[in-house]
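Results of the structural survey
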Amino acid sequence: MTTKQAQRAATALRDGVKRLFGILPVLLIFALTACSSQNRAISPKEVRRLAGSTQAEESRRKAEKRLRSIAEAYDKETPLALALVAVDDICSGGQAKQWFFQDGKDQYKIRCALRVTAYYGADPHRIGDTLHGVFAAGDHYASPGTAGDTTIPFSHDSYRRRLVDYYRGHGPNPSGPNAQEPSQVFTPSQTLSWDTVRSSKKRLLQELAPCMKSDPPVTRCLHEPAQKTVAEIRTQYGMVFKLEFPVVDYYQVSKKGEVLIS
């Protein structure tokens, strides 16, 4: 090796050492930050403790009670007969700090969410009257001064009037002459679906998915009645309606310990 080559090698070595020592403080800060309590994944033990807290239990009870009361209102105020209620409830712990590909799951200690779905029986020969009854109840809740206007949000708008006429045999398919038989009305707060009854090829509502393992208070899955199936409701009444609600976040605690949703 020549003298110049040796000098160049020594210079490269010195520069490499300088870069290494420049990076070390950054790596040290990164490691210390990753070990802080706000950046660690939440343990299953902590998730269970938070999910079973008095505040979480009360929030869970209130959220479920509100959705069940809406499902029961359809039974009381419309021709639909409530036959089955499904409840899925899960609390999940926050993940470790996501330095890349962030999806927000590292921002909370715990997030609890609830889904309620109700199934009803109805007479397939009177589906027009059944839908009219649902929309009439929605008219009532939409009237000025009526409390709880989101209980039944489906009122007699133009499309739904034509839908009732269609099922009563007084008008064409409101979705168009070549469209499939309507089987759903929708708002952001609720979706009401039903078995088709006029098409030659029927589209029937599917069975419930099997319950996940219940492990309260972290996970719960209820089917009431427990052994009831969609097929049994159809056999008993003739057709099935399904009322779905969006997933409701009812309890959430940030990594800093602040209650964000309750």
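Quick notes on the rules
- Residues numbered from 1 in each chain as written.
- Predicted model: local features only at pLDDT ≥ 70, side-chain atom pairs only at ≥ 80, totals over all residues.
- Heavy atoms only, no water.
- Helix = DSSP H or I, 4+ residues; strand = E, 2+ residues; numbered from the N terminus.
- Buried < 20%, exposed > 50% of the residue type's maximum accessible area, 1.4 Å probe, protein only.
- Contact = heavy atoms within 4.5 Å.
- Areas by Shrake-Rupley, 256 points an atom, 1.4 Å probe, with all protein chains shown as cover.
- pLDDT = per-residue confidence, 0-100.
- Disulfide = S-S within 2.5 Å.
- Core = buried A, V, L, I, M, F, W, Y, C linked by side-chain atoms within 4.5 Å.
- Phe/Tyr/Trp six-rings, centres within 6.5 Å; stacked < 30°, edge-to-face > 60°.
- Lys NZ or Arg CZ within 6 Å of the ring centre and 35° of its normal.

**Re the overall build of the chain**
Each helix and strand in the chain was counted, giving six helices and eight strands. Counting from the amino terminus, helix and strand elements in the chain follow one another as α-α-α-β-β-α-α-β-β-β-α-β-β-β. Put simply, the chain has 262 residues, and 38% of those count as buried. A separation threshold of at least 6 residues defines the contact pool for the chain, and within that pool the share at least 24 residues apart is 69%. For the chain, the exposed area adds up to about 15,300 Å²; of that, 55% sits on carbon and sulfur atoms.

**Concerning the confidence of the model for the chain**
The share of residues in the chain with pLDDT of 70 or more is 81%, and the mean pLDDT across the chain is 87. For the stretch residues 23-35, pLDDT sits under 50, and the model shows six contacts to residues farther than four places along the chain or on other chains.

**So, the state of the cysteines**
Within the structure shown, the criterion is met by two disulfides. The side chain of C91 participates in a disulfide bridge whose partner is C112; the two sulfur atoms lie 2.1 Å from each other. Here C91 and C112 share a disulfide; its torsion about the S-S bond, 115°, makes the bridge right-handed. Of the two residues, C91 is situated in strand β1 (residues 81-93) and C112 in strand β2 (residues 108-122); the sequence distance between them amounts to 21 residues. Neither residue differs from the other here; C91 and C112 are each classed as buried.

**Description of the nonpolar core**
As a rule of thumb, nonpolar side chains are buried together in soluble globular proteins. Within the largest apolar cluster, 46 residues are counted, with the highest numbers of intra-cluster contacts made by Y74, I110, Y120, L131, F135, W194 and F241. With residues near it in sequence (within four places) discarded, Y120 still touches A71, Y74, D75, L80, A81, L82, A83, I233, M239, V240, F241 and L243. In terms of nonpolar packing, the next biggest core, distinct from the first, is built from nine residues, A83, Y119, I233 and V240 among them.

**A look at the packing of aromatic side chains**
The final tally for this structure, using the stated rule, is four aromatic pairs. The interplanar angle of 65° and the centroid separation of 5.0 Å between the aromatic rings of Y166 and Y167 together place this pair among those described as edge-to-face. Here Y166 falls in the buried class, since its relative accessible area comes to 9%. The exposure class assigned to Y167 is buried, which follows from its relative accessible area of 9%. Clustering of aromatic rings is evident, with ring pairs tying together Y166, Y167, W194 and F241. The side chain of R198 reaches across the aromatic face of Y166, ending 4.2 Å from its centre.

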